[in-house]
Amino acid sequence: MNLCKSFLSVAASSLSVLMVSTLVHAAEPEVDYQKQLPAAPEGQITFEPPQERDIPDNQYGDMVRKGRDLFVNTQQLRGKNVFNGQNCVNCHLDAGRIASSAPMWAAFGMYPAYRGKNDKVNTLSERLQGCFTYSMNGIPPEAGDETVVAMETYFHWLSTGAPINQALPGRGYTKLEKPEGGYDREHGAKLYTEQCAVCHGDDGRGQEVAGQVVFPPLWGDGAYNWGAGMHRVNTAAGFIKANMPLGKPDSLSNQDAWDLAAFVNSHERPQDPRRRNQDSLDSTANTFHNHDGFYGKEVEGKRLGDHDNYGENPGVASK
């Protein structure tokens, strides 16, 4: 009997401690231990990538040159890894050298890093593969493939002298606060005709010369798909503000940049490849599109993304 009472007393005491501990932990604020990529700090752009004339004349230099060639003319992988009309240089201007155009010299030292987009720590190789999946509406090369190695080698060379694990001014795209009144697609359409159509075409399908893409498509089958980062209105607005029209950076107001981004990204484009693994448009939108974009939204009587058109891509969704 005494043994039984002793056991019950110990059990009750342990339960009491467990309940108190649970209550204490429940009262503590939830801590997010994920290390996200930090925003680019404000300030003068001080880092300068090396000049192409300084690429060494050895095997490393050969791989740097190959990576640069693939970066500038990614269309040479059309039908293998690329299934639209994009080149890496379309979003990362001057072969990945221009600040506030997601330059590669500012990206290389920031990986591995956690990304909320796929809720895991990504290596630089995985980040590059994601660009093929979404921006190129493609099938990514395998890790270790010469394409990936060459591009990473080019990024490594561009970042010569840059600090590791430190966000540099000019990293990523310019961050623009959303206008208090929101954005105006109709005004964006007017601006597009005045400022953008001369390069990207009235129909947004870009321009080719002798079969080579010189100005990329902005919507339609040749554009980045519904999973690409550039389909987010805020991302496109930051890119437009700092870089467009070509040769006239920062010539548009913040409002103009948001309006243009809204107009461009409220057009149809290839389906988000993750849709292949989802039950419906609603589940895809709810799972992957909780941001400032038009996927799943109704525009001019049509719900965007309500189709099974994956463009030219015959592949399956990335994990």
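Quantities reported herein were computed from a predicted structural model and do not represent experimental measurements. (Residues numbered from 1 in each chain as written. Predicted model: local features only at pLDDT ≥ 70, side-chain atom pairs only at ≥ 80, totals over all residues. Heavy atoms only, no water.)

Visitor: Would you mind going over the pairing of strand β4 (residues 212-215) with me for this structure?
Guide: Across a regular strand the side chains alternate sides, sitting on one face of the sheet and then on the other. Relative to β4, strand β3 (residues 207-209) runs antiparallel, the two sharing three bridges. The partner of Val-209 across the bridge, within β4, is Gln-212. Between β3 and β4, which follow one another and run antiparallel, lie two residues, and Ala-210 among them has a positive phi close to 55°. (Pairing = 2+ DSSP bridges. Helix = DSSP H or I, 4+ residues; strand = E, 2+ residues; numbered from the N terminus.)

Visitor: Hey, could you run me through the confidence of the model for the chain in this one?
Guide: Regions with low pLDDT should not have their predicted coordinates read in detail. A residue-level look at the chain finds 87% of positions with pLDDT of 70 or above and a mean pLDDT of 90. Every residue in residues 3-29 scores below 50 in pLDDT, and together they form zero contacts with partners more than four places removed in sequence or on other chains. (pLDDT = per-residue confidence, 0-100. Contact = heavy atoms within 4.5 Å.)

Visitor: Help me understand the pattern of salt bridges in this model?
Guide: Pairing is possible between side chains that carry opposite charge, provided their charged atoms lie close to one another. Under the definition given, this model contains 12 salt bridges. For Glu-268, the salt bridge goes to Lys-302, with nearest N and O atoms at 3.2 Å. Highlighted residues: Glu-268 in the loop between α9 (254-264) and α10 (281-288) and Lys-302 in strand β6 (residues 302-303), separated in sequence by 34 residues. (Salt bridge = Lys/Arg side-chain N within 4 Å of Asp/Glu carboxyl O.)

Visitor: Would you mind going over the environment of Leu-168 with me for this structure?
Guide: Among the structural elements, Leu-168 can be located in the loop between α6 (146-158) and α7 (185-200). Leu-168 gets classed as buried once you look at its relative accessible area, which sits at 9%. As for Leu-168 and Gly-109, which are separated by 59 residues in sequence, their C-alpha atoms are 9.8 Å apart. Leu-168 has contacts with Ala-40, Pro-41, Phe-47, Trp-105, Ala-162 and Pro-163, leaving out every residue within four places of it along the chain. (Buried < 20%, exposed > 50% of the residue type's maximum accessible area, 1.4 Å probe, protein only.)

Visitor: Any chance you could explain α9 here in plain terms?
Guide: For an α-helix the count is 3.6 residues per turn, leaving residues at separations of three or four pointing the same way. Of all 11 residues in α9, nine are buried; the element is thus mostly enclosed. Along α9, the residues classified as buried are Asp-256, Ala-257, Trp-258, Asp-259, Leu-260, Ala-261, Ala-262, Phe-263 and Val-264.

Visitor: What is the right way to look at the packing of aromatic side chains in this model?
Guide: For any two aromatic rings, the description comes down to two numbers: the centre-to-centre distance and the angle of the planes. Taken as a whole and assessed by the stated rule, the structure comprises 12 aromatic pairs. Look at Phe-47 and Trp-105: their rings are 5.2 Å apart centre to centre, the planes differ by 40°, and that puts the pair in the tilted class. Residue Phe-47 is found in the loop between α1 (2-27) and α2 (59-72), and its partner Trp-105 is found in helix α4 (residues 104-107); the two are separated by 58 residues along the sequence. For the pair formed by Phe-47 and Trp-105, the shared burial category is buried. Centroid distance Phe-71 to Tyr-154: 6.0 Å. Interplanar angle 55°. Geometry classified as tilted. You can see Phe-71 sitting in helix α2 and its partner Tyr-154 sitting in helix α6, a full 83 residues away along the chain. By the burial criterion, Phe-71 is buried, and Tyr-154 matches it. (Phe/Tyr/Trp six-rings, centres within 6.5 Å; stacked < 30°, edge-to-face > 60°.)

Visitor: Could you clarify how one ought to interpret the nonpolar core in this entry?
Guide: One broad rule of soluble globular proteins: the nonpolar side chains tend to lie buried together. Of all hydrophobic cores here, the largest spans 36 residues; its most connected members are Tyr-192, Met-230, Phe-239, Ile-240, Leu-260, Val-264 and Phe-294. Counting residues per element, the ones that place at least two in this core are α7, α8 (233-243), α9 and α10. If one sorts the elements of this core by residue count, α9 sits on top with seven residues. Residues within four places of Leu-260 in sequence aside, it is in contact with Gly-188, Leu-191, Tyr-192, Cys-196, Ile-240 and Leu-252. Core analysis: the next-biggest nonpolar cluster, separate from the first, contains 29 residues, Met-151, Tyr-154, Phe-155 and Trp-157 among them. (Core = buried A, V, L, I, M, F, W, Y, C linked by side-chain atoms within 4.5 Å.)

Visitor: Hey, could you run me through the packing of helix α5 (residues 124-134) against α6 in this one?
Guide: Geometry of a packed helix pair, given as the angle between the helix axes and the separation of the axes. Following both chains from N to C, one finds α5 and α6 inclined at 115°, their axes separated by 10 Å at the closest point. On the basis of their axis angle, the class for α5 and α6 is roughly perpendicular. The crossing of α5 and α6 is right-handed. Touching Leu-124, Ser-125, Leu-128 and Phe-132 of α5 are Thr-147, Val-148, Met-151, Glu-152 and Phe-155, all from α6. For the contact of α5 with α6, the class distribution of residues is six nonpolar, two polar and one charged. (Axes fitted to C-alpha atoms, helices over the stretch in contact; angles between N-to-C directions. Parallel < 35°, antiparallel > 145°, perpendicular 65-115°, else oblique. Left-handed = near helix turned anticlockwise from the far one by under 90°. Nonpolar A, V, L, I, M, F, W, Y, C, P; charged D, E, K, R; others polar.)

Visitor: Sorry, what's going on with the side chain of Asn-225 here?
Guide: For Asn-225, the location among the structural elements is in the loop between β4 and α8. By relative accessible area, Asn-225 is classed as buried at 0%. Side chain to side chain, Asn-225 and Asn-137 meet in a polar contact 2.9 Å long. In contact with Asn-225, not counting residues within four places along its chain, are Thr-133, Tyr-134, Asn-137, His-231, Arg-269, Pro-270, Gln-271 and Pro-273. (Polar contact = N/O pair within 3.5 Å; in protein donor to acceptor, adjacent residues only side chain to side chain.)

Visitor: Teacher, can you tell me more about the state of the cysteines here?
Guide: Structurally, a disulfide amounts to a covalent bond that connects the sulfur atoms of two cysteines. All told, the structure shown has zero disulfides when counted by the stated rule. Looking at the unpaired Cys-88, the closest cysteine sulfur is the one in Cys-131, lying at 6.8 Å. Classification of Cys-88 by relative accessible area gives buried; the value is 10%. Here Cys-199 is not cross-linked by a disulfide; its sulfur's nearest cysteine counterpart is in Cys-196, at 8.3 Å. (Disulfide = S-S within 2.5 Å.)

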